[in-house]
Amino acid sequence: MIDEPEQDAPPITELSKGQRRVLGTLLEKAFTTPEVYPLTVKALTAGCNQKSNRHPLTEYSEDDVLEVLDQLRQLGLAAVVHTETGRTERFRHYVRKRFTLSEPQVAVLTELLLRGRQSIGDLRARASRMVPIESLDELRVALRGLMEQKYVQANAALERRGVEVDHNFYAAPENKKLAWDSGLDEADDSRGVEMAPRSQTIPAVHHAPAATPRERGPHLAELQGSAAALAQLRDENAELRGRVDSLEHEIARLKGLVDDLIRDLRG
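A short tour of the structure in this document, coming up. Counting restarts for each chain: residues are numbered from 1 in the order of the written sequence. This being a predicted model, a pLDDT of at least 70 is required before a residue's local features are given, and a value of 80 or more before pairs of side-chain atoms are given or counted; all residues contribute to the totals for chains, interfaces and linings. In computing side-chain values, all of the structure's heavy atoms are included and hydrogens and water are not.

Remarks on the overall build of the chain
Inclusion rule: Starting at the N terminus, helices and strands are each numbered in turn, a helix being any DSSP run of H or I of at least four residues and a strand any DSSP run of E of at least two. Three labels apply to residues, based on accessible area from a 1.4 Å probe with only protein chains included: buried if under 20% of the type maximum, exposed if over 50%, partly exposed otherwise in between. Contact criterion: two residues are considered in contact whenever any of their non-hydrogen atoms come within 4.5 Å of each other. Only the protein chains shown count as cover for residues, with accessible areas throughout obtained via the Shrake-Rupley method and a probe of 1.4 Å.
Of regular secondary structure, the chain possesses 8 helices and 5 strands. Going from the N terminus to the C terminus, the chain shows its helices and strands as α-α-α-β-β-α-α-β-α-α-β-β-α. In the chain, which comprises 267 residues, the share counted as buried stands at 40%. Residue pairs at least 24 apart in sequence account for 60% of intrachain contacts in the chain once pairs closer than 6 positions are excluded. Within the structure as shown, the chain displays about 16000 Å² of accessible surface, and the carbon and sulfur contribution to it stands at 53%.

Thoughts on the nonpolar core
Inclusion rule: Definition of nonpolar core: a set of buried residues of the types Ala, Val, Leu, Ile, Met, Phe, Trp, Tyr and Cys, connected through side-chain atoms within 4.5 Å.
Core analysis: the largest hydrophobic core is formed by 47 residues, its most contacted members being Val22, Leu69, Val108, Leu143 and Val165. With 6 residues, the top contributor of residues to this core is helix H5 (residues 103-115). Once residues within four sequence positions are removed from consideration, valine 165 is found in contact with Leu112, Gly116, Arg117, Gln118, Ile120, Leu123, Leu143, Val152, Gln153, Ala154, Leu158 and Leu178.

Describing the environment of threonine 45
Rules: Pairs of N or O atoms are called polar contacts if they sit within 3.5 Å, as long as, within protein, a hydrogen donor faces a hydrogen acceptor (for residues adjacent in sequence, only side-chain-to-side-chain pairs).
Secondary-structure assignment places threonine 45 in helix H2 (residues 41-49). Classification of threonine 45 by relative accessible area gives buried; the value is 7%. Each C-alpha atom, one on threonine 45 and one on serine 61, is 6.8 Å from the other, the two residues being 16 residues apart in sequence. Setting aside residues up to four positions removed in sequence, threonine 45 forms contacts with Tyr60, Ser61, Glu62 and Val65. At 2.7 Å, the side chain of threonine 45 and the backbone oxygen of valine 41 are in polar contact.

Here we look at helix H7 (residues 136-148)
Selection rule: By this rule the span expected of a helix is its residue count minus one, scaled by 1.5 Å.
The end-to-end C-alpha separation of H7 is 18 Å, in line with the 18 Å expected for 13 residues at 1.5 Å each. By the burial criterion, the buried members of H7 are Leu139, Arg140, Ala142, Leu143, Arg144, Gly145, Leu146 and Met147. Two residues or fewer after H7 comes lysine 150, characterised by a positive phi angle close to 70°.

Structural notes on unusual backbone geometry
With an omega of 0°, the peptide bond between tyrosine 37 and proline 38 qualifies as cis. Relative to the assigned elements, proline 38 resides in the loop between helix H1 (17-32) and H2. For asparagine 53, which is not glycine, the phi torsion reads 60° and is therefore positive. With respect to the element layout, asparagine 53 can be found in the loop between H2 and helix H3 (62-74). Judged by its relative accessible area of 3%, asparagine 53 falls in the buried class. Located in the positive-phi region is lysine 150, a residue other than glycine, with phi close to 70°. By the element assignment, lysine 150 lies in the loop between H7 and strand S4 (152-154). For lysine 150, a relative accessible area of 43% corresponds to the partly exposed category.

What about the pattern of salt bridges?
We apply this condition: Definition used for salt bridges: Asp or Glu carboxyl oxygen within 4 Å of a side-chain nitrogen of Lys or Arg.
Applying the stated criterion to the full structure yields 10 salt bridges. Between glutamate 164 and arginine 117 there is a salt bridge, with the nearest N and O atoms lying 2.6 Å from each other. Here glutamate 164, found in strand S5 (residues 164-167), pairs with arginine 117, found in the loop between H5 and strand S3 (118-119); they are 47 residues apart in sequence, far enough to count as distant. Given the relative accessible area of 27%, glutamate 164 is considered partly exposed. What makes arginine 117 partly exposed here is its relative accessible area of 44%. The partner of arginine 140 in a salt bridge is aspartate 137, with the nearest N and O atoms 2.9 Å apart. Of this pair, arginine 140 and aspartate 137 both sit in helix H7, 3 residues apart, which is roughly one turn of that helix. Bridged by salt links that share partners, the residues Glu28, Lys29, Arg54, Glu111 and Arg129 form one connected network.

Looking at the packing of H2 against H3
For any two helices packed against each other, the geometry comes down to the angle between their axes and how far apart the axes lie. Our working rule: Where helices are involved, their axes are fitted lines through C-alpha atoms of the stretch in contact, as for all axes, and angles between N-to-C directions lie from 0 to 180°. Roughly parallel means an angle under 35 degrees; roughly antiparallel means over 145; roughly perpendicular covers 65 to 115; every other angle is labelled oblique. Ten residue types, Ala, Val, Leu, Ile, Met, Phe, Trp, Tyr, Cys and Pro, are classed as nonpolar, four, Asp, Glu, Lys and Arg, as charged, and the remainder, Gly among them, as polar.
Two elements in contact, H2 and H3, have axes whose closest approach is 9 Å; the angle formed by their N-to-C orientations is 100°. Relative to H3, the element H2 lies roughly perpendicular. Side by side, H2 and H3 meet where Val41, Lys42, Leu44 and Thr45 of the first sit next to Glu62, Val65, Leu66 and Leu69 of the second. Among the residues forming the contact of H2 with H3, the class breakdown is 5 nonpolar, 1 polar and 2 charged.

Below, the structure is given as structure tokens:
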């Protein structure tokens, strides 16, 4: 038996730190370890506190997690599942019932809830372990849809090199809004442009005399070559980090299966 969320539940615009971690963990485990999902409180607590693919690291107790689960159930974001044996309650998420999202968007949101702000290169590598995201262009499509719904924010246009993104469920006192306004302007063609806050005046800048083309040429070429090499290194580093995260996650999954087996044998 599963408790269903209310059909006319109010929209969700903010989540606490605990709510983000517990919900993100439920989402991640539903993707990566479907054989043990829905999760027991013990498994969910271990997932919240695991050392890989989490920022910041936490030390939640099972009581902490149960308290947050009650909050998520009230929001219609989680449910308790009563098994046939009735011995152990398990918990699942209801994100797809509360938000209209594609599978890549659910994976992207999961990573942002678990890690927070990150580059789109890192985000693609990490989210791809849950749902295939073949290219940065495919990731940008998913991100634009999330930004249109105000679920994600960015510090620059998504096409800009080095752009970073984050979820947009922070409470106002956390002051985690990125410099760029994640709301898409009506005149914008859905790609977004970098802008200063409307209330902010931009101070005058006094420029030094411009270099001549002859002076500029060699330096410009050198800078462009360095930037390209740096971008390649960042992409390779993001891919390697994604592989390490996947390996660590697989080790944690196997450890969980062994723990469950030992528990059943002792049972």
